[in-house]
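These are the residues of each chain, in order.
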Amino acid sequence: MCSAVKSNAWMLCPQCDLMIKLPDIPVGSRASCPRCHTTLTASWHEPRKRPTGYALAALFMLLLANLFPFVSMKVAGLTSQITLAQIPKVMVSEDYSSLATLFLLFVQAVPAFCMITIILLVNPIPLPVSLRVGLARILFRLRNWGMAEIFMAGVLVSFVKLMAYGEIGLETSFWPWVLFCLLQLRAFQCVDRRELWDRLLPQPALPHLPEAGISGLEQGLRSCPCCTAILPAEEPVCSRCGVTAHARRKHSLQWTLALLMTSVLIYIPANLMPIMVTETLGTAYPSNIMAGVILLWGEGSYPVALVIFIASIMVPSLKMVAIGWLCWDASGRGQRDSHRMHKIYEVVEFVGRWSMIDVFVIAVLSALVRMGQLMNVYPAWGAVLFAMVVIITMIAAMTFDPRLTWDRVRENNRKESRLDGN
């Protein structure tokens, strides 16, 4: 068995499973996989002070953003003003508790929890080891579910939509919210997963000395998806973080395809049903996503119409096509261009949650546009279905194992070498 000191120098790429011997990384630099160019680990200057400062400042800005009015609207002498806390209240009052829950979770609760967890983990706070391990496991799983910056984009899109009807005012808590979005992103950037886990618990000893430049699976080794420890391929439970996993995600393609088909089935009614209802002088005007895009385009709001079209129609559609293509290639039927498929996978992972922008636009409009008999905006069931599509496609991308694409290349190279040998 190799010592734990030696194991710190080795890492399996989580995206392509290449065994890499890490060099000494200067402060301010990062190490990337030589094959798929995924960032493996980074060396930050002051790895405790930086994330702690950013996280504390983000939490303070979040507190300020919830204490004061957020935005206001003035139409024909009538003024409507909202706070962030009023947005879910309006949704609950309109019997859309599901949208209110999504807003509270993704926009406020998850980012706040992550900031608190970063402070607790990067500092030597006396906590039970089991609690610290549990928090670290949750932190990196929740990372992609924080959508504060997407909500901020939705607010800006809402402003452009509402400028045609009245005067929009930025209130006291708007600017703290902008700072919160930037600070919480920066706090996450300054936390390196590998360095954090090495500080919590030592890496388990390697079962044997690895060979760089070869797949971990070929050497009987696997990487823990949570703490990046290198383990024997047949060992299901990580001896460091306790996460149960396999050398490859079990039934990855089956789960991904099942979730993909579910999202396609929901996506059809989500586009046909109204996502919001605009009530003007007592007359209700329901509109779906495409109708909203056409209306904005007809009013001359070309940039906003393009943003909504790209985020709510083009991105979800192309994302579902891309996930299906990834599954097709990973099953051995594609052209086996692993580098191109890896780029597609990275794009799918990055853009998926941005489709929630339209849901947040509806949340802002529903809370702000409350003008009695003059004008009101209400959410509709299409928004709930569309949010479900975004969430399901995000989970589908998470269940897909990108290492399967690289495995097919290795299998084909073996077959070709056997043919050449014959």
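A quick note: this is a predicted structure, and the numbers were derived from the prediction, not measured.

Here's the deal with the sheet that holds strand β11 (residues 283-287)
In spatial order, the strands read β11-β10-β12; together these 3 strands make up an open sheet with antiparallel pairing. The open sheet is flanked by β11 and β12 (375-379), the only strands paired with a single partner. Strand-to-strand twist of the sheet, defined as the mean angle between neighbouring strand axes without regard to direction, takes the value 20°. Helix α13 (residues 357-368) contacts β10 (276-280) and β12 of the sheet and is inclined by roughly 140° relative to β12.

Section: the domain arrangement of the chain
Size of an interface: often given as the accessible area lost when the parts come together. For the chain, the assigned domains read domain 1 (1-43 + 202-231), domain 2 (47-199) and domain 3 (249-413). For domain 1 versus domain 2, the distance between C-alpha centres works out to 33 Å. Contacts between the two partners involve 14 residues from domain 1, matched on the other side by 6 residues from domain 2. Between domain 1 and domain 2, a total of about 800 Å² is buried, with carbon and sulfur atoms accounting for 44% of that surface. When residues of domain 1 are sorted by the area they lose upon contact with domain 2, Cys 226, Cys 227 and Thr 228 head the list and together hold 49% of the total. Linking domain 1 with domain 2 are 0 salt bridges, by the criterion used here. In this assembly, domain 1 and domain 2 are joined by 8 residue pairs in polar contact (both at pLDDT 80 or more).

Some details on the side chain of Thr 393
Residue position: Thr 393 is located in helix α14 (residues 381-399). Engagement of the side chain of Thr 393 in a polar contact is seen with the side chain of Lys 319, the distance being 3.4 Å. Not counting chain neighbours up to four residues away, the residues in contact with Thr 393 comprise Ser 263, Lys 319, Met 320 and Ile 323.

Let's talk about the UniProt feature "transmembrane region" (unreviewed entry) in the chain
On the UniProt side, "transmembrane region" (unreviewed entry) is annotated at positions that read residues 54-76, 96-122, 257-277, 304-326, 347-368 and 380-400 here. For residues 347-368, the end-to-end C-alpha separation is 33 Å, with 77% helix and 0% strand making up the annotated structure.

The rules behind these values
Residues numbered from 1 in each chain as written. Predicted model: local features only at pLDDT ≥ 70, side-chain atom pairs only at ≥ 80, totals over all residues. Heavy atoms only, no water. Pairing = 2+ DSSP bridges. Helix = DSSP H or I, 4+ residues; strand = E, 2+ residues; numbered from the N terminus. Axes fitted to C-alpha atoms, helices over the stretch in contact; angles between N-to-C directions. Contact = heavy atoms within 4.5 Å. Domains from an automatic or database assignment. Buried area = accessible area lost by both parts, 1.4 Å probe. Salt bridge = Lys/Arg side-chain N within 4 Å of Asp/Glu carboxyl O. Polar contact = N/O pair within 3.5 Å; in protein donor to acceptor, adjacent residues only side chain to side chain. UniProt positions renumbered as here; feature names shortened; annotations may be inferred.

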